Amino acid sequence: MIQVYCYSRCTTCKRAIAWLAAHGIEHTVIDIKQNHPDEDTLRKYYQKSNLPLKRFFNTSGIPYRELGLSKKLPDLTENEQFKLLASDGMLVKRPLVVGDDFVLTGFKEAEWEEKLL
């Protein structure tokens, strides 16, 4: 069964959960604000994802903008980026979908169809 880290007030997350339900895909929803992944978990997800680390950041979120990360992120080390992501679930791109052998960030229907159907 896949795990889906979501924020309940996020419209993209709501669409993603509806998509999973419409396709009969069993999943567990985890509130990313209350139970966000820790640094070690994020490192495992990153390794499993084959995605650039920047794809794990919620670049449209308020905390990202308030911290000025669009300018700071390129100068941060990988360790600093992981610490930052682990500090606040609202910095993590959502939905964050974790399966046995894949990780998806955001809701891109074509990617989801490829991995989940």
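Everything numeric in this text was worked out from a predicted model, so none of it was measured. (Residues numbered from 1 in each chain as written. Predicted model: local features only at pLDDT ≥ 70, side-chain atom pairs only at ≥ 80, totals over all residues. Heavy atoms only, no water.)

Peer 1: Where do I start with the side chain of T105 in this structure?
Peer 2: The topology assignment puts T105 in strand 4 (residues 103–105). Overall, the relative accessible area of 0% leaves T105 in the buried class. A distance of 3.3 Å separates a polar side-chain atom of T105 from the backbone oxygen of R55. (Helix = DSSP H or I, 4+ residues; strand = E, 2+ residues; numbered from the N terminus. Buried < 20%, exposed > 50% of the residue type's maximum accessible area, 1.4 Å probe, protein only. Polar contact = N/O pair within 3.5 Å; in protein donor to acceptor, adjacent residues only side chain to side chain.)

Peer 1: Is there a simple way to think about the pattern of salt bridges in this case?
Peer 2: Side chains carrying opposite charge are able to pair once their charged atoms draw close together. Under the criterion given, the structure shown has three salt bridges. Between K83 and E39 there is a salt bridge whose closest N-O contact spans 3.6 Å. One end of the pair, K83, is in helix 5 (residues 78–87); the other, E39, is in helix 2 (residues 39–49), with 44 residues separating them in the sequence. Overall, the relative accessible area of 51% leaves K83 in the exposed class. R55 serves as the salt-bridge partner of E111, at 3.4 Å between the closest nitrogen and oxygen. Here E111, found in helix 6 (residues 109–116), pairs with R55, found in the loop between helix 2 and helix 3 (62–66); they are 56 residues apart in sequence, far enough to count as distant. Since its relative accessible area comes to 25%, E111 is described here as partly exposed. Connected through salt bridges with shared partners, the residues E39, R43 and K83 form a single ionic network. (Salt bridge = Lys/Arg side-chain N within 4 Å of Asp/Glu carboxyl O.)

Peer 1: Before we go on, may I ask you to explain unusual backbone geometry in this structure?
Peer 2: Here the residue pair R94 and P95 is connected by a cis peptide bond, since its omega of -5 degrees sits within 30 degrees of zero. Along the chain, P95 falls in the loop between helix 5 and strand 3 (96–98). For N50, which is not a glycine, the phi torsion comes out positive at approximately 60 degrees. In this fold, N50 is placed in the loop between helix 2 and helix 3.

Peer 1: For this particular structure, what's the right way to read the packing of helix 2 against helix 5?
Peer 2: Packed helix pairs are characterised by how far apart their axes lie and by the angle those axes make with each other. For the pair helix 2 and helix 5, the least separation of the axes is 9 Å and the interaxial angle reads 115 degrees. Note that helix 2 runs across helix 5; the crossing there is right-handed. Residues E39, L42, R43 and Y46 of helix 2 lie in contact with helix 5, whose contacting residues are E78, N79, F82, K83, L85 and A86. (Axes fitted to C-alpha atoms, helices over the stretch in contact; angles between N-to-C directions. Left-handed = near helix turned anticlockwise from the far one by under 90°. Contact = heavy atoms within 4.5 Å.)

Peer 1: Explain helix 1 (residues 11–22) here, please?
Peer 2: Since the α-helix packs 3.6 residues into each turn, any two residues three or four apart lie on the same face. The end-to-end C-alpha separation of helix 1 is 16 Å, in line with the 16 Å expected for twelve residues at 1.5 Å each. Along its buried surface, helix 1 packs onto strand 1 (2–6), strand 2 (27–31) and helix 6. One or two positions beyond helix 1, positive phi appears at G24, with a value near 65 degrees. (Expected span 1.5 Å × (residues − 1).)

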